[in-house]
Amino acid sequence: MGFNEQVGATAARTPNFGYLLSHEPVLVAYGAAAASILFTDSNTAMIKCRQFAEALTQAAFATSASPAMLSAERATRPSVRAT
């Protein structure tokens, strides 16, 4: 079973995040994972919540950012040089 089939099966089981499948499948994976382990491993659930928030922010920025915002974001990003 590949990633898409696993995410589809997860989406069918989780009413809180299943509707996101058509928009951003990775959000379903992170959200369902956080919800399923919340009471057994709260530290990992917090990490999954952070990953969910980062993926949501990236998706929102990619769909709503203007070209000027994208070029400004690239200009302020520090360059990484190999040593």
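For the structure, see preceding data.
Summary of the structure given here. (Residues numbered from 1 in each chain as written. Predicted model: local features only at pLDDT ≥ 70, side-chain atom pairs only at ≥ 80, totals over all residues. Heavy atoms only, no water.)

On to the environment of Ala55. Among the secondary structure elements, Ala55 is positioned in helix 3 (residues 42-64). Sequence separation of Ala55 and Leu27 is 28 residues, and the distance between their C-alpha atoms is 6.8 Å. Apart from the residues lying within four places of it in its own chain, the contact partners of Ala55 are Val26, Leu27 and Tyr30. (Helix = DSSP H or I, 4+ residues; strand = E, 2+ residues; numbered from the N terminus. Contact = heavy atoms within 4.5 Å.)

Here we come to the nonpolar core. Counting residues in hydrophobic clusters, the biggest one holds eight residues: Val7, Ala11, Phe17, Leu20, Leu27, Val28, Phe52 and Ala55. Every element with two or more residues in this core is listed here: helix 1 (3-13), helix 2 (25-36) and helix 3. Apart from the residues lying within four places of it in its own chain, the contact partners of Val28 are Val7, Thr10, Ala11, Phe17, Gly18, Leu20 and Leu21. (Core = buried A, V, L, I, M, F, W, Y, C linked by side-chain atoms within 4.5 Å. Buried < 20%, exposed > 50% of the residue type's maximum accessible area, 1.4 Å probe, protein only.)

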